[in-house]
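Structure assessment
Listed below are the residues making up each chain.
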Amino acid sequence: MAVICQERLRKGMEVMKPLIDEEDSDGISDEEQENTFLPVKTHYQLENEEGITFIQTLTHLLKGNIGTGLLGLPLAIKNAGIVVGPISLVFIGVISVHCMHILVRCSHSLCQRMKKSSLGYSDTVSCAMEVGPLTALQKRASWGRYVVDFFLVITQLGFCGVYVVFLAENVKQVHEGFLESKIAPMNINATGSSSEKRNTDLRIYMLCFLPFLVLLVFIRDLKSLSLLSLLANLSMAVSLVIIYQYIVRDLADPRKLPPVVGWKKYPLFFGTAVFAFEGIGVFSLERNFLHLVNKSHMGHDNTQTCRTSVKFQSKVLPLENRMKDSARFPQALNIGMAIVMALYISLATLGYMRFGDEVKGSITLNLPQDKWLYQSVKILYSFGIFVTYSIQFYVPAEILTPVVTSRVRQKWKLLSELVVRALLVCSTCAVAVLIPRLDLVISFVGAVSSSTLGLILPPLVEILTFYKENLSLLTIFKDVFIAVVGFVGFLTGTYVTVEEIIYPASTVLANATGSFPTDVNATDLVVGLK
């Protein structure tokens, strides 16, 4: 027992050493402090972790991009055109990967200057403002952390809202399109009531999921979700294989599809594409949480371990910090994201060629409803998304719950945390109910928050971090260009999406290729009844 205590004390001193060194360096000038570097091993690997291999890092990068954003890309191609869409997807993908490299590089430099063992996204932005050239930014460096945390919360809750819509639409199709079609022939006299059941409002399904989601997020020990997470990853991988084998059949002639679509639809493409590439940050969070829980030596206090780390994790930095040989991380990132882009472009293009103008917010909704194999795809993928909801939810929950629990007495802390979690779940469900269109929710979240975190902030952080190193005009122009692209996408994507949310009937009718019966309600067209 004494040996165990000594070992824990030794590890605790190793963790505290960077903080102690920082206190001892108060008398050092700024220039000397910036030139003082941490040992490479200390910086590149988080404390108390063994590190992950190159193949494991590559696997995490690939698994982190299998989500609802991927399934929504065929519709994104429809909003851009069969020629412009894939080209734009490559362009956004290259910029996104470059911004990931920028964050890693800035994090390295700032860690060395600030004598930190590792920095997450929010701390990287805060430190960049602190060392930047503008006094106004230096005095308000903490604002950078708040801004990143704010958009991170919006992004994660937005993801959760997308998941609610996705679950409702897919379960609705399985229940009404497949199960009831088997029961209907057994009761021919009840055709009227059967027809009514098939038109059940999509929002009813969302509300049915609400209590199950609340119970799911009440699981505060992430280790309990590790097995479910593994099963979720396997189910989504199997689903993708089945989707691919279906869409490669009966592909339409691409020359019959519009090469370019009007500019009013392009912002919707932009939001969906950025949303898809931003998914990498979430999986980094998930894997880091589970790794910390499994490696924890804190006994019953696993929840506290996760709560301490969650606030500073984002983007690709957790994976980079955990690699055994972090010098190979850029190579892993390039290979992994190249595979991801190939997956995105192929599924998006083939999906649009297969379904044309009938493609829906998720390609799973285009699969046949009368065959159990393709209905099972919706069930498997929905299971994976249901489990992923809890992982995504941990990020905003662990950022926001301490704000509330710190203001209540100890005996009310657990109850107050559960109440906050329940209210946050209700907020995601409310967003889904108010905007029951999967494509619009994805585009809105991508345009508002994903573009900010993935395109606008990284190049600005690079300018602030390396301004003393005589940045070339080409680098400054490149950074400004990326930030402007992100900002324009932010404005136009938000405007177009909000316009379609406010005026859905006119949008749907304008995009319709055929005539509608006179008794069709415009509301039914946008409720998501597929």
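Keep in mind that this is a model prediction, so the values were computed, not measured. (Residues numbered from 1 in each chain as written. Predicted model: local features only at pLDDT ≥ 70, side-chain atom pairs only at ≥ 80, totals over all residues. Heavy atoms only, no water.)

**Some details on the overall build of the chain**
Stated precisely, the cut-off is as follows: Only runs of H or I of at least four residues qualify as helices and only runs of E of at least two qualify as strands under DSSP, and these elements are numbered from the N terminus. Here's how the labels work: a residue is buried when its accessible area is under 20% of the maximum for its type, exposed when over 50%, partly exposed in between, all with a 1.4 Å probe on protein chains only. By definition in these notes, contact holds between two residues if any of their heavy atoms fall within 4.5 Å. All accessibility values rest on the Shrake-Rupley procedure with a 1.4 Å probe; residue burial counts only the protein chains present in the view.
Each helix and strand in the chain was counted, giving 24 helices and zero strands. Going through the 530 residues of the chain one by one, you find that 52% of them count as buried. The long-range fraction of contacts in the chain, counting pairs at least 24 apart against all pairs at least 6 apart in sequence, stands at 84%. Of the roughly 24,400 Å² that the chain leaves accessible, carbon and sulfur atoms contribute 65%.

**Some details on the pattern of salt bridges**
A pair can form between side chains of opposite charge whenever their charged atoms are brought close. Note the threshold: By definition, a salt bridge exists where a carboxyl oxygen of Asp or Glu is found within 4 Å of a side-chain nitrogen of Lys or Arg.
Within the structure shown, the criterion is met by 11 salt bridges. Here D201 and R203 are joined by a salt bridge, their closest N and O atoms 3.0 Å apart. On the basis of relative accessibility, which here comes to 28%, the residue D201 falls in the partly exposed class. A salt bridge links K478 to D479, with the nearest nitrogen and oxygen atoms 2.8 Å apart. Of the residues examined, K478 reaches a relative accessible area of 23% and is grouped as partly exposed. In this structure D479 comes out as buried when scored by relative accessible area, which is 0%.

**Describing the confidence of the model for the chain**
As a reminder, the rule being used: In predicted models, pLDDT denotes the confidence assigned by the predictor to each residue on a 0 to 100 scale.
With 70% of its residues at a pLDDT of at least 70, the chain reaches an overall mean of 75. The weakest mean pLDDT in the chain belongs to helix α16 (residues 302-310) at 35; the strongest belongs to helix α22 (residues 473-502) at 93. Ignoring residues within four places in sequence, the model shows residues 1-9, a span with pLDDT below 50, making one contact including any to other chains. Contacts of residues 190-197 to residues separated by more than four positions or lying in other chains number four contacts, the stretch itself having pLDDT below 50.

**Points about unusual backbone geometry**
Backbone geometry at K115 places phi at a positive 60°, although glycine is not the residue there. Secondary-structure assignment places K115 in the loop between α7 (84-114) and α8 (121-131). Accessibility expressed as a relative area gives 13% for K115, which makes it buried. The phi dihedral of D250 falls on the positive side, at around 55°, and the residue is not glycine. When you line up the elements, D250 lands in the loop between α13 (226-247) and α14 (266-277).

**Some thoughts on the nonpolar core**
In globular proteins that are soluble, nonpolar side chains generally tend to be buried together. The condition that has to hold: The term nonpolar core refers to a set of buried residues drawn from Ala, Val, Leu, Ile, Met, Phe, Trp, Tyr and Cys, joined through side-chain atoms within 4.5 Å.
The biggest cluster of nonpolar side chains holds 109 residues, and the ones touching the most others in it are I243 and Y389. In terms of residue count, the dominant contributor to this core is helix α10 (residues 141-183) (15 residues). The residues contacting I243, other than those within four sequence positions of it, are L71, L347, I363, T364, L367 and V377.

**Things to note about empty space enclosed by the protein**
The condition that has to hold: With a 1 Å grid spanning the protein atoms alone, the term cavity applies to any set of points in which a 1.4 Å probe fits but cannot get out, the term pocket to an open set with protein on both sides within 12 Å along at least five of seven lines, and the term lining residue to any residue with an atom within 4 Å of a point. Grid points are joined across faces, edges and corners, and a volume is the space filled by probe spheres set on the points. Nonpolar residues are Ala, Val, Leu, Ile, Met, Phe, Trp, Tyr, Cys and Pro. Charged residues are Asp, Glu, Lys and Arg, and all others, Gly as well, are polar.
One pass over the full model with this rule turns up four cavities of 30 Å³ or more. Volume-wise, the second largest cavity comes out at about 70 Å³. Forming the boundary of the second largest cavity are G72, L75, A76, N79, L268, T272, G361, D439, L440, I442 and S443. At the level of secondary structure, the elements contributing two or more residues to the lining of the second largest cavity comprise α6 (73-80), α14 and α21 (438-466). Broken down by element, the lining of the second largest cavity gets its largest block of residues, four residues, from α21. Of the residues contributing to the lining of the second largest cavity, the split by class is five nonpolar, five polar and one charged.

**A few points about α8**
In terms of burial, α8 is a largely internal element, 10 of the 11 residues being buried. Turning to α8, its buried residues are Y121, S122, D123, T124, V125, S126, C127, A128, M129 and V131.

**Some words on a nonpolar patch on the surface**
Formally: Each patch groups residues whose relative accessible area exceeds 30% and which form no salt bridge, using 9 Å between like charges and 5 Å between nonpolar side chains of Val, Leu, Ile, Met, Phe, Trp and Tyr.
Residues L227, L228, L230, L231, L234 and F383 make up a contiguous nonpolar surface patch of roughly 520 Å² in combined accessible area. With five residues, α13 is the single largest residue contributor to the nonpolar patch. Of note, L227 is situated in helix α13. For L227, a relative accessible area of 56% corresponds to the exposed category.

**Brief notes about the packing of α14 against α21**
Test applied: Interaxial angle, 0 to 180 degrees, is taken between N-to-C directions of lines fitted to C-alpha atoms, where a helix line uses only the stretch in contact. Whether a crossing is left-handed or right-handed is set by the direction in which the near helix is turned from the far one by less than a right angle, anticlockwise for left-handed and clockwise for right-handed.
Contact pair α14 / α21: the axes reach a minimum separation of 7 Å and the direction vectors enclose 65°. Where α14 crosses over α21, the handedness of that crossing is left-handed. For the pair α14 and α21, the contacting residues are P267, L268, F270, G271, T272, V274 and F275 in the first and L440, I442, S443, V445, G446, A447, S450, S451 and L455 in the second. Taken together, the residues of the contact of α14 with α21 break down into 10 nonpolar, six polar and no charged.

**With respect to helix α18 (residues 329-355)**
What counts here: One fewer than the residue count of a helix, multiplied by 1.5 Å, yields its expected span.
The end-to-end C-alpha distance of α18 is 38 Å, a good match for the 39 Å that 27 residues give at a rise of 1.5 Å each. Directly beyond the C-terminal end of α18, a positive phi value near 60° is found at G356.

**Observations regarding the environment of Q331**
You can see Q331 is positioned in helix α18. Considering only alpha carbons, one finds Q331 and F54, 277 residues apart in sequence, at a separation of 9.1 Å.

**Considering the packing of aromatic side chains**
Convention followed: Between 30 and 60 degrees the pair is tilted, below 30 it is stacked and above 60 it is edge-to-face, where a pair is any two Phe, Tyr or Trp rings, Trp via its six-membered ring, whose centres lie within 6.5 Å. The criterion is that NZ of a Lys, or CZ of an Arg, lies within 6 Å of the ring centre and within 35 degrees of the ring normal, and then a charge sits over that ring.
If you walk through the whole model with that rule in mind, you get 10 aromatic pairs. On the basis of an interplanar angle of 40° and a centroid distance of 5.3 Å, the ring pair of Y266 and F269 is categorised as tilted. Residue Y266 and its partner F269 are both found in helix α14; the two are separated by three residues, about one turn of the helix. For Y266, a relative accessible area of 29% corresponds to the partly exposed category. With a relative accessible area of 0%, F269 lands in the buried category. A connected cluster of aromatic rings, assembled from ring pairs, spans Y246, F355 and Y374. Looking at R105, its charged tip hangs above the ring of F466, at a distance of 4.3 Å from the centre.

**Some remarks on the environment of I247**
Along the chain, I247 turns up in helix α13. Separated by 100 residues in sequence, I247 and L347 place their C-alpha atoms 8.5 Å apart. Excluding anything up to four places from it in sequence, I247 contacts L347, L350, G351, R354, F355 and I363.

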